[in-house]
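Descriptive analysis of the structure
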Amino acid sequence: MRAFLKSAFAFCGGMMLALAGGEWFIRLLSPQRLDNNLDCFEPDSVLVFSMKKGYRTIHSSFEFSVPVAISSFGIRDKEITPKHESTFRVIGLGDSFTFGNGVKLEETFLKQLESCLKPTVPSVEVINCGIPAYSPLQELRFLERYRASLEPDVVILGFFVGNDFIESGDLYDSAGTPTLRVVDGNLVSTRAAEREHSMIRLISQPLRYYLSTHSHLYVFLRDRGSQLLSRFGLRPFNLPPDFCKKTYSERMEAAWRYTQAIIEATARNTAEHREKLIVVILPVSYQVYQHTWNEYIAALKLDPSEYDLDKPQRLLAQFLDERGIEYVDPLPALRQNIIGPPLFYSVDGHLTAEGHRIVSRVICEKFRNASWQGNGQQLRDVPEMTSGENRTESPPLR
């Protein structure tokens, strides 16, 4: 027994020394950006969840580190004040792509749009109402609840093709119960198929949170391990790309029909209040970068002949054209600018500051060519996009 205890103590001591050495080695040669997760949510009886008012943090990963501040209104922007009669107010609804996951507030496409418009429309005000993990259904409910305070002239609806085709339909189960709940500021799935996995993560969350915010070795191993598992197909990249399939499943068709109904309801809602609706179609990274798509299909062992990467944009464009709803598709401009600074974070998957810049310029061009007015101000002569950003036809993926 003594020999066993002696061996056990020796083993534990050796492991502790090895971990301490590894921690010191990583801190010295490859320091990591420690995490500060967005535990920013609180339950909401109508919206399912919303962001905590007054929440402050530094949101960090090994790819970025940015401040996040939530106003007393519950959005990532300045405090909302009554709109002056001369103000031309634009609000942006959407999920984490609109919110600006991984970039500073001023780097989001909404704030860069405001900067683009200011020289010729000094009274313009663009407000970021994007909330991570929101679906188009929640965005419509948010607009209905807060319209009187926001008083928008234009509503930008950021539609991320990676999940907005299905998330409205998945927000509630067949019994009408929300499929997401808030636990300690984080979103946890309530789906039966995911409950066991969620419970394991929930139980281990305190330890994982401590390590991710204190240990450079843990963050290094976690992130590189995740990349390795994805490359070998043992862990999928984000969601399977069902929205890009040439032939949709019954579930996907039903989700698309429901999403169309939500967009139509949003269009009617804004029209009733004499607001202009513009849908911004936000792509996933593998629609822009061919090498990312190649890695994706290899990891998930997919047949590329079954997929059409441009299908989501075509479907949306056809639907929006038929309904007379204005829209912007930044995919061609993003593809045109793949030579240069990265447009998406390679692991996190969200737009970088440069990606947001390209999206903002495409929207700015839409405003520049608009024939409609806001509060008597014609939105013309907005600075034109630079060469290479303004391409109307989508170039082939490289």
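Residues numbered from 1 in each chain as written. Predicted model: local features only at pLDDT ≥ 70, side-chain atom pairs only at ≥ 80, totals over all residues. Heavy atoms only, no water.

Across its full length, the chain holds 13 helices and 13 strands. Here the chain holds 398 residues, and 49% of them are scored as buried. Considering only intrachain contacts with a sequence separation of at least 6, the fraction spanning at least 24 residues in the chain is 72%. (Helix = DSSP H or I, 4+ residues; strand = E, 2+ residues; numbered from the N terminus. Buried < 20%, exposed > 50% of the residue type's maximum accessible area, 1.4 Å probe, protein only. Contact = heavy atoms within 4.5 Å.)

Here we take up the confidence of the model for the chain. Looking at the chain as a whole, the pLDDT averages 85, with 83% of positions reaching at least 70. Segment residues 192–196: pLDDT under 50, and two contacts once partners within four positions in sequence are set aside and those in other chains are kept. Here residues 373–398 is modelled with pLDDT under 50, and outside its nearest four sequence neighbours on either side it reaches 73 contacts, counting other chains as well. (pLDDT = per-residue confidence, 0-100.)

What follows deals with the packing of aromatic side chains. Across all of its chains, the model carries 13 aromatic pairs by this definition. Each ring, one from Phe-165 and one from Trp-256, has its centre 5.2 Å from the other, and the planes form 55°; the classification is tilted. Highlighted residues: Phe-165 in the loop between strand E7 (154–160) and helix H5 (167–170) and Trp-256 in helix H8 (residues 250–272), separated in sequence by 91 residues. Each member of the pair, Phe-165 as well as Trp-256, is classed as buried. Both rings, one in Tyr-286 and one in Trp-293, keep their centres 5.2 Å apart while their planes meet at 40°; by these two values the pair is tilted. Of the two residues, Tyr-286 and Trp-293, neither departs from the other in class, the shared state being buried. Three or more aromatic residues link up through ring pairs in this structure, and these residues are Phe-159, Phe-165, Phe-243, Trp-256 and Phe-319. The ring of Phe-99 has Arg-76 sitting right over it, with the charged end atom 5.0 Å from the ring centre. (Phe/Tyr/Trp six-rings, centres within 6.5 Å; stacked < 30°, edge-to-face > 60°. Lys NZ or Arg CZ within 6 Å of the ring centre and 35° of its normal.)

Here we come to a nonpolar patch on the surface. Taken together, the side chains of Trp-24, Phe-25, Leu-28 and Leu-29 make up a nonpolar region of the molecular surface, amounting to roughly 480 Å² of accessible area. Exposure remark for Leu-29: the relative accessible area of 57% places this residue in the exposed category. (Patch = residues over 30% accessible without salt bridge, like charges linked within 9 Å, V, L, I, M, F, W, Y side chains within 5 Å. Areas by Shrake-Rupley, 256 points an atom, 1.4 Å probe, with all protein chains shown as cover. Salt bridge = Lys/Arg side-chain N within 4 Å of Asp/Glu carboxyl O.)

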